[in-house]
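One-letter residues, chain by chain:
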Amino acid sequence: MSYVPDLTEKIAIVTGGGKGIGKAIALGLAKCGAKVVIAARTVPEIEAVADEIRSTGGSAHAKMTDLTQSDQIDALVQEAVNVFGGVDILVNNAARSFLRPLIDLREDGFDKIFDTNVKGTFLLSRAAAKIMMQRGGGRIVNVTTVGAERGGPMMGAYFASKAAVKMLTMCMATEWASMNILVNAVGPGITRTHFSQPIWTNPELERQLVSHIPQGRIAEPEDIVGAVLFLCSDAASFITGQTIYVDGGTLATGA
């Protein structure tokens, strides 16, 4: 990570922060000086990330959170207030999906995807925004996907949920701009994480995917961090309601 804006003393919450893109974002925010609350359902993972941040002199706190439980969402925001004094940055990275054709996706599977990816994002953003209002503003970055822009097989409900997140980003940006709360999104292309492991561990499928990426490779989690940090920085002080796609040129090909 070469882009290091000054986020000293900013207080950030990162969901899904125990691994993959979320972990990379949490580490990146800490490197920029932010105090980071790392949230996920898996306690050992988020505690390990918090320990890694603290081992390099940063400030971090782990909080187990299930984003399908509204009381746990409220508790996460309150924890950030209690431990560090507020919330300035929220990165909604946590997501759920099932690699399954729509014809076979069960109703409860559909509900789990939307409850986490859309409803959880809305409820946590609203709770954090209420704190940000009291602090003169803040930044919310929602992690979406290139799949929000085009259809595709096996992940239809996930793509639809992320398209909803993109629209929610624009609506929150519109309503909250007057309070200096800037809301944007970052949309990764296929990234080498545990989440996408069934795809990139299949050599033939990976070859097909890479053939449509102009930069000729799958992204690493660290590739996504710079766009998030930019949107959290003073350099993005007049940007809201936008989505930055970090996809190696995938969408530009139209393929």
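- The name given to the protein chain in an unreviewed UniProt entry is Glucose 1-dehydrogenase (NAD(P)(+)), with Desulfomonile tiedjei as the source organism.
- Within the UniProt record for the protein chain, the comment given under Sequence similarities (unreviewed entry) is "Belongs to the short-chain dehydrogenases/reductases (SDR) family."

### Regarding the packing of aromatic side chains
Okay, so step 1: Evaluated as defined, the whole model comprises three aromatic pairs.
Okay, so step 2: Relative to F114, the ring of F110 lies with its centre 4.6 Å away and its plane at 15°, an arrangement referred to as stacked. One end of the pair is F110 and the other is F114, both in helix α4 (residues 107–134) and four residues apart, which spans about a single turn.
Okay, so step 3: On the basis of relative accessibility, which here comes to 37%, the residue F110 falls in the partly exposed class.
Okay, so step 4: Ring geometry for Y158 against F195: centres 5.3 Å apart, planes inclined by 50°, an arrangement best described as tilted. With Y158 in helix α5 (residues 156–176) and F195 in the loop between β6 (181–188) and α6 (197–200), the pair connects residues that are 37 residues apart, well separated along the chain.
Okay, so step 5: Residue F195 is classed as partly exposed on the basis of its relative accessible area, which comes to 40%.

### Things to note about the sheet that holds strand β7 (residues 243–246)
Strand pairing in a sheet relies on backbone hydrogen bonds, with the paired strands running either antiparallel or parallel.
Okay, so step 1: The seven strands are arranged β3-β2-β1-β4-β5-β6-β7 in an open sheet whose pairing can be described as parallel. Edge strands, defined here as strands with exactly one partner in the open sheet, are β3 (60–64) and β7. Strand-to-strand twist across the sheet, computed as the mean angle between neighbouring axes with direction ignored, equals 15°.
Okay, so step 2: For strand β1 (residues 11–15) and strand β2 (residues 35–40), the ladder comprises five bridges, and the chain directions are parallel. Residue pairing in the sheet places T15 in a bridge with A39 of β2.
Okay, so step 3: Strands in contact with helix α2 (residues 43–55) are β2 and β3; relative to β3, the strand with the most contacts, it is inclined by about 175°.
Okay, so step 4: Strands β5 (138–143), β6 and β7 of the sheet are contacted by α5, whose axis makes an angle of about 160° with β6.

### Looking at the pattern of salt bridges
Okay, so step 1: In the structure shown here, the tally under the stated rule is 12 salt bridges.
Okay, so step 2: The salt bridge partner of E9 is K35, with a shortest N-O separation of 3.1 Å. Of this pair, E9 sits in the segment before β1 while K35 sits in strand β2; the two residues are 26 residues apart in sequence, bridging distant segments of the chain.

How each quantity is defined
Residues numbered from 1 in each chain as written. Predicted model: local features only at pLDDT ≥ 70, side-chain atom pairs only at ≥ 80, totals over all residues. Heavy atoms only, no water. UniProt positions renumbered as here; feature names shortened; annotations may be inferred. Phe/Tyr/Trp six-rings, centres within 6.5 Å; stacked < 30°, edge-to-face > 60°. Helix = DSSP H or I, 4+ residues; strand = E, 2+ residues; numbered from the N terminus. Buried < 20%, exposed > 50% of the residue type's maximum accessible area, 1.4 Å probe, protein only. Pairing = 2+ DSSP bridges. Axes fitted to C-alpha atoms, helices over the stretch in contact; angles between N-to-C directions. Contact = heavy atoms within 4.5 Å. Salt bridge = Lys/Arg side-chain N within 4 Å of Asp/Glu carboxyl O.

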